[in-house]
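Close look at the chain arrangement
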Amino acid sequence: MRAHGVSPDSTRAGLLVWLIKGSFAGRFTPHYNTPVEIVGLYWHFVDIVWIYLFPLLYLIDRHR
């Protein structure tokens, strides 16, 4: 069960490294920051999905 966290952690690390590299390369400006917004929206989507998946997979039928 512990290995499950590797996927979200590696995704988070990869997105963060990608954004930092893009920032240092000057890709993002006050007028163009769409990739930063998309990464934020994607991560919020993952959070919302996890809010529903966690009870469904781990809490339902555990009271026996």
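Coordinates for the structure precede this section.
All of the points below concern the structure found in this document. (Residues numbered from 1 in each chain as written. Predicted model: local features only at pLDDT ≥ 70, side-chain atom pairs only at ≥ 80, totals over all residues. Heavy atoms only, no water.)

Here the focus is the overall build of the protein chain. What the protein chain contains, in helices and strands, is two helices and zero strands. For the protein chain, the residues scored as buried account for 9% of the 64 residues in total. Summed over its atoms, the accessible surface of the protein chain is roughly 5,700 Å², and 68% of this surface lies on carbon and sulfur atoms. (Helix = DSSP H or I, 4+ residues; strand = E, 2+ residues; numbered from the N terminus. Buried < 20%, exposed > 50% of the residue type's maximum accessible area, 1.4 Å probe, protein only. Areas by Shrake-Rupley, 256 points an atom, 1.4 Å probe, with all protein chains shown as cover.)

Enumeration according to the criterion identifies two aromatic pairs in this entry. Ring centres of W50 and F54 lie 5.9 Å apart, and the angle between their planes is 55 degrees; this geometry places the pair in the tilted category. Here W50 and its partner F54 are both found in helix α2 (residues 34-59), four residues apart, which amounts to about one turn of the helix. (Phe/Tyr/Trp six-rings, centres within 6.5 Å; stacked < 30°, edge-to-face > 60°.)

A few words on the pattern of salt bridges. For the coordinates displayed, the defined rule picks out one salt bridge. R12 is paired through a salt bridge with D9; the nearest N and O atoms lie 3.3 Å apart. Of the two residues, R12 and D9 both sit in helix α1 (residues 6-24), three residues apart, roughly one turn of that helix. Take D9: its relative accessible area is 43%, and that puts it in the partly exposed class. (Salt bridge = Lys/Arg side-chain N within 4 Å of Asp/Glu carboxyl O.)

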